[in-house]
Amino acid sequence: RLAMQLIEALKSIRGRSGEPDPVRFELLTGHTPLHLRTFLTAELLQRMPENGVDVSIGYYGDLTGNVQRAADSQPDGAAVVIEWSDLDPRLVYRSAFGWRPDRMADVVQSVGMRIEQLQTSLLRMAETSTVAVCMPTLPLPPMFMAPSGFADIAALQIRQQMDELAIQLVATGSIRVIDSLQLDVVSPMSERFDATSELRTGFPYSMSHASALAAQLAKLLRPSTALKGIITDLDNTLWAGIVGEDGIDAVSWDVDRRSQHHAIYQELLASLAEIGVLVGVASRNDASVVGMALQRDDLVVPATKLFPIEANWGPKSQSVARILQTWNIAADSVVFID
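First, a word on what this report is: a plain description of the structure on this page. By convention here, each chain's residues receive numbers from 1 onward along its written sequence. Only residues with pLDDT of at least 70 are given local features in this predicted model, and only at 80 or more are side-chain atom pairs given and counted; all residues enter the totals for whole chains, interfaces and linings. As a rule here, side-chain values come from all non-hydrogen atoms in the structure, and water together with hydrogens is ignored.

## So, the overall build of the protein chain
Labels follow the DSSP assignment, with helices taken as runs of H or I lasting at least four residues and strands as runs of E lasting at least two, numbered in each case from the N terminus. When its secondary structure is counted, the protein chain shows 12 helices and 9 strands. We compute the radius of gyration from the C-alpha atoms alone; for a globule the expected value is 2.2 Å times N to the 0.38, where N is the number of residues. What you see for the protein chain is a C-alpha radius of gyration of 25 Å, clearly larger than the 20 Å of a compact globule of 338 residues, by over 25%. With the principal axes as the frame, the protein chain shows a C-alpha extent of 75 × 55 × 35 Å. Burial analysis of the protein chain (338 residues in total) assigns 46% to the buried set. Every residue pair with non-hydrogen atoms within 4.5 Å of one another is taken to be in contact. Look at the contacts in the protein chain between residues 6 or more apart in sequence, and 76% of them connect residues 24 or more apart. If you sum the accessible surface of the protein chain, you get close to 17300 Å²; carbon and sulfur atoms cover 53% of it. Whether a residue is buried, partly exposed or exposed follows from its accessible area with a 1.4 Å probe, protein chains only, as a fraction of its type maximum: under 20%, in between, or over 50%, in that order. Exposure was quantified through the Shrake-Rupley algorithm and a 1.4 Å probe, taking into account, for residues, occlusion by the shown protein chains and nothing else.

## A look at the environment of Gly 149
Within the secondary structure, Gly 149 is located in the loop between β4 (130-134) and α5 (153-171). A sequence separation of 148 residues divides Gly 149 from Asp 297, and the C-alpha atoms of the two residues are 50 Å apart.

## A few points about the packing of helix α3 (residues 63-73) against helix α4 (residues 104-125)
Orientation is described by axes fitted as lines to C-alpha atoms, over the contacting stretch for helices, and by angles from 0 to 180 degrees between their N-to-C directions. Remark: α3 packs on α4, axes separated minimally by 8 Å, with the N-to-C direction vectors making an angle of 20°. Taken as axis vectors, α3 and α4 run roughly parallel relative to one another. Viewed along their axes, α3 and α4 form a crossing whose handedness is left-handed. Contacts between α3 and α4 pair Leu 63, Thr 64, Val 67, Gln 68, Ala 70, Ala 71 and Asp 72 from the former with Arg 114, Gln 117, Leu 118, Ser 121, Leu 122, Arg 124 and Met 125 from the latter. Under the scheme applied, nonpolar residues are Ala, Val, Leu, Ile, Met, Phe, Trp, Tyr, Cys and Pro; charged residues are Asp, Glu, Lys and Arg; polar residues are all the others, including Gly. In terms of residue class, the contact of α3 with α4 is made up of 7 nonpolar, 4 polar and 3 charged. Should an angle fall under 35 degrees it is called roughly parallel, over 145 degrees roughly antiparallel, and 65 to 115 degrees roughly perpendicular, with every other angle called oblique. Note on convention: the crossing is left-handed when the near helix lies turned anticlockwise from the far helix by less than a right angle, right-handed when the turn is clockwise.

## Brief notes about the packing of α4 against α5
Interhelical geometry of α4 versus α5 gives an angle of 10° and a closest axis separation of 9 Å. Judged by the inter-axis angle, α4 sits roughly parallel to α5. The segment α4 lies against α5, with Met 104, Val 107, Val 108, Val 111, Gly 112, Ile 115, Gln 119 and Leu 122 engaging Ala 154, Gln 157, Ile 158, Gln 161, Met 162, Leu 165, Gln 168 and Leu 169. Grouping the amino acids of the contact of α4 with α5 by side-chain chemistry returns 11 nonpolar, 5 polar and no charged.

## Focus: the sheet that holds strand β8 (residues 309-312)
If you walk across this open sheet you meet the 4 strands as β8-β7-β6-β9, and the pairing is parallel. Looking at which strands have only one partner, the edges of the open sheet turn out to be β8 and β9 (334-337). When strand polarity is set aside, the average angle formed by the axes of neighbouring strands in this sheet is 15°. Docked against the sheet, helix α10 (residues 260-274) engages β6 (229-232), β7 (278-284) and β9, running at close to 150° with respect to β6. Sheet strands in contact with helix α12 (residues 316-327) are β6, β7, β8 and β9, and its direction is about 155° off that of β7. The rule for pairing is simple: two strands pair if DSSP sees at least two bridges between them.

## Let's talk about the sheet that holds β4
The 5 strands lie next to each other as β2-β1-β3-β4-β5, forming an open sheet whose pairing is parallel. Among the strands making up the open sheet, the edge pair consists of β2 (53-57) and β5 (175-177). Going across the sheet, the axis of each strand differs from the next one's by a mean of 20°, ignoring polarity. Taken together, the 5 bridges between strand β3 (residues 77-81) and β4 define a ladder with parallel strand orientation. Directly across from Gly 77, in β4, lies its bridge partner Thr 130. Across the sheet, α3 lies against β1 (23-28) and β3, angled at about 160° from β1, the strand it touches most.

## Thoughts on the environment of Gly 229
Within the element layout of this structure, Gly 229 appears in strand β6. Between the alpha carbons of Gly 229 and Asp 338 there is a distance of 14 Å; along the sequence they are 109 residues apart. Those residues in contact with Gly 229 that lie beyond four places of it in its chain are Val 277, Leu 278, Trp 327, Ser 333, Val 334 and Val 335.

## Some remarks on unusual backbone geometry
The peptide bond linking Phe 307 to Pro 308 adopts the cis configuration, its omega dihedral lying at -5°. Inspection of the secondary structure assignment puts Pro 308 in the loop between α11 (287-293) and β8. Even without being a glycine, Asn 236 presents a positive backbone phi close to 55°.

## Observations regarding the nonpolar core
It is characteristic of soluble globular proteins that their nonpolar side chains tend to be buried jointly. Formed by 35 residues in total, the largest nonpolar core has its most connected members in Val 80, Ile 82, Met 125 and Val 133. At the level of secondary structure, the elements contributing two or more residues to this core comprise α3, β3, α4, β4, α5 and β5. Counting residues per element, this core draws most heavily on α4, at 8 residues. When residues no more than four places from it in sequence are discounted, the contact partners of Met 125 are Leu 28, Val 67, Ala 70, Ala 71, Ala 78, Val 80 and Val 131. Residues Val 81, Ala 132, Leu 217 and Leu 221 belong to the second largest nonpolar core, which totals 29 residues. Take the buried Ala, Val, Leu, Ile, Met, Phe, Trp, Tyr and Cys residues and link them wherever side-chain atoms come within 4.5 Å; each set so joined is a nonpolar core.

## Digging into the pairing of β6
Residues Gly 229 and Ile 231 line one face of β6 and the alternating positions Ile 230 and Thr 232 line the opposite face, and both faces are buried. Two strands pair when backbone bridges link them, and β6 and β7 are joined in this way by 4 bridges, in the parallel orientation. Bridging from a neighbouring strand, Thr 232 pairs with Val 281 of β7. Taken together, the 4 bridges between β6 and β9 define a ladder with parallel strand orientation. If you follow Ile 230 over to β9, its bridge partner there is Val 335.

Here it is, written out as structure tokens:
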């Protein structure tokens, strides 16, 4: 959806203020949280319509200490937003110093030490709280020596250390990390940094980026209930063509007949079935023809992964209703793809 506007967020918070026994969250940053806190509170309230929300913040310039203190206070959830400035004070505009070639190796080493401290504290906090982490979202400052457009070895080493931290945190299974590629979609890199705000207030984000980032953090802290099943049509969905008219061997899902996108869809269904998602079929078709088509050896999704299969000439709505009854789940737990 479109990024939440600040006025909308403020109205949402005012409308829910004073609710008893709020769920406790910590927003842990090294910079001034400012509007990020407002947006995060509003996003969490939307995801928790039956609860109040209290979002506390830490001290400016002390992300590691904020995480350590939060681990002691054991909040219900914590959103940890890491920026380059939290890893070394030379990686920020507000207190810029040390942008000299002979200091790059020291910056890389300093980043590594701070990452170790952060990782230890994050793991301890995750023992008692839901933890959502955002890796640096802003561009590194222009302090590196490589010409414009050239990769710089020190910058690459710093980014590599952050990538390794993200891998290690996700591998624990107890810490949730924002997908940077998904964040790129909703908040382009060129629209994130507000230099004026950074220098004047210590808040480095544009309003749109703060809104998008808060939405992603809230999604990790209070994820939506996962859907349980997919009901798919067959003709021009699972395969290209109409099996009852074109014939069993004429429907396709291959490159040669420019229908590879149907093979990709079948692979997606197969992978979802492997992790326990229910996959059923609702198609207006002759059941015997469908049965033979699903026995083709080159089908990407195994026919054994498709159950139940409703192939008949009745309304699809009735087929869907029977599938839901077989699965014993509600309609809001599935998606129908036609």
